[in-house]
Amino acid sequence: MAELSPRSAVQRMAPYSPPTSGRGGKLRLDFNENTVGCSPRVIAYLKERLTEEQFTVYPEYEAAREAVSSFLKVPEDQFTLTNGTDEAIQVLINTYVDDGQDVLIPHPSYAMYRFYAEVAGASVREVRYREADLAFPSDELLAAIRPDTRAILISNPNNPTGTGTTVDVLRVVLERAPHAAVLVDEAYFEFCGVTMLGWIERYPNLFVSRTFSKAFGMAALRLGCLISQAGNVTFLKKAQSPYSVNMLAAIAVRAAVADTGYVERYAQEALASRDLLYAGFESMGIRYYRSEANFVLFHAGARSIAVRDQLRERGVLVRDRGYELPGCIRVTAGTAGQVERFFAALKEIW
Ligand SMILES: Cc1ncc(COP(=O)(O)O)c(C=O)c1O
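Residues numbered from 1 in each chain as written. Predicted model: local features only at pLDDT ≥ 70, side-chain atom pairs only at ≥ 80, totals over all residues.

Participant: A description of the domain arrangement of the protein should follow, citing residues and the corresponding values.
Facilitator: Partitioning the protein into domains gives domain 1 (25-37 + 261-349) and domain 2 (40-258). Spacing between the C-alpha centres of domain 1 and domain 2 amounts to 25 Å. With 21 residues of domain 1 in contact, the opposing surface of domain 2 contributes 19 residues. Residue assignment for the side of domain 1 that touches domain 2 shows that the elements contributing at least two residues are helix H12 (260-284) and strand E10 (295-299). By residue number, the principal contributor to the side of domain 1 that touches domain 2 is H12, which donates five residues. For the side of domain 1 that touches domain 2, a count of residues per class yields 11 nonpolar, five polar and five charged. (Domains from an automatic or database assignment. Contact = placed C-beta atoms within 7 Å. Helix = DSSP H or I, 4+ residues; strand = E, 2+ residues; numbered from the N terminus. Nonpolar A, V, L, I, M, F, W, Y, C, P; charged D, E, K, R; others polar.)

Participant: Break down the nonpolar core for me, with residues and values.
Facilitator: Of all hydrophobic cores here, the largest spans 97 residues; its most connected members are Leu92, Ala151, Val182, Leu183, Val253 and Ala256. For this core, the leading source of residues is helix H11 (residues 247-258), giving eight residues. If you count residues domain by domain, this core takes at least three from each of domain 1 (25-37 + 261-349) and domain 2 (40-258). Residues contacting leucine 92, with those up to four places away along its chain left out, are Ala151, Ala181, Leu183, Phe207, Leu226 and Leu236. (Core = buried A, V, L, I, M, F, W, Y, C linked by C-beta atoms within 7 Å. Buried ≥ 20, exposed ≤ 12 C-beta atoms within 10 Å, placed from the backbone.)

Participant: An account of the sheet that holds strand E6 (residues 181-185) is requested, with residue identities and associated values reported.
Facilitator: Neighbouring strands of a sheet are bound in pairs by backbone hydrogen bonds; such pairs are parallel or else antiparallel. Taken in spatial order, the seven strands make up an open sheet running E2-E8-E7-E6-E5-E3-E4, and their pairing is mixed. Each edge of the sheet is formed by a strand with only one pairing partner; in this case those strands are strand E2 (79-82) and strand E4 (123-128). Across this sheet, the average inter-strand angle for adjacent strands is 20 degrees, counted without regard to direction. Pairing geometry for strand E3 (residues 102-107) and E4, over six bridges, is parallel. (Pairing = 2+ DSSP bridges. Axes fitted to C-alpha atoms, helices over the stretch in contact; angles between N-to-C directions.)

Structure (structure tokens):
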């Protein structure tokens, strides 16, 4: 039989395969997750609420939407719950970008921006973060905006560089690209406190995403949120599956947003650990970049893959980023004890 031929956009894509197995039981400093777990109240609430009937019925979102609305202080018609940020990116692209249209993405950044733009057949242009300090390339991005640019996808602060930009700079981007959907992905908001949420009413082309995967420690549940003006949200929902958020996530989020103290304490601890990472790198003479998020990028030179593998043998997972930033490794900041364990292993192999 003749082989089925996929769409040409899919044929052109490079396969993307992040390490997705064998991470259990190790010190997970490779995905910027919460390294200790979600609030115990989330687990308790799930246990209390789960019934056979819950599993039988398609998920209902009223209570989750109310909880997220009052947590974010955003009216219910200005957001849609999503299956992680990943679905937020996908829905935004599917709503606004046609085959062949122009999408701008600062690089390096979160791989799923390019992934969903490519699946849609968009024409992706990248603007490099500044080489010397990995600063946000504001002038370069502004210069790259064209009248036909349909979407601009920005992570603030950015993964994997850790560097961020300001509300003022993002406002200039929004003003220079009124014809483009501008996504500001705030996956690491809890660690930096900079947000564009206050500008939703002002800019009809602004889309902000948030996630419960990072500081909230609920990556496995896959829950995010995409916020924009109500008129835009109506279109986003037209392009979204009605049941993409699962029932466990819809229940868990109610307990998660009721225990913000837990997340605030964890964020403080991660920021203190980030300082310990800086200090440790300095004492070992290792070059690193200051970060606005819960991870730090450091230079391991030509040995970066070997360093990653040897850390793994010692039960410590970190992420090699050498394929986009030569010699660089990204390590998540969790607790002080975890930083200690990381350096104990690193010193053995350095
Ligand atoms: C910038 C950024 N956005 C989104 C995500 C993933 O978010 P989610 O788990 O909500 O899909 C990540 C995860 O690494 C990220 O770094």
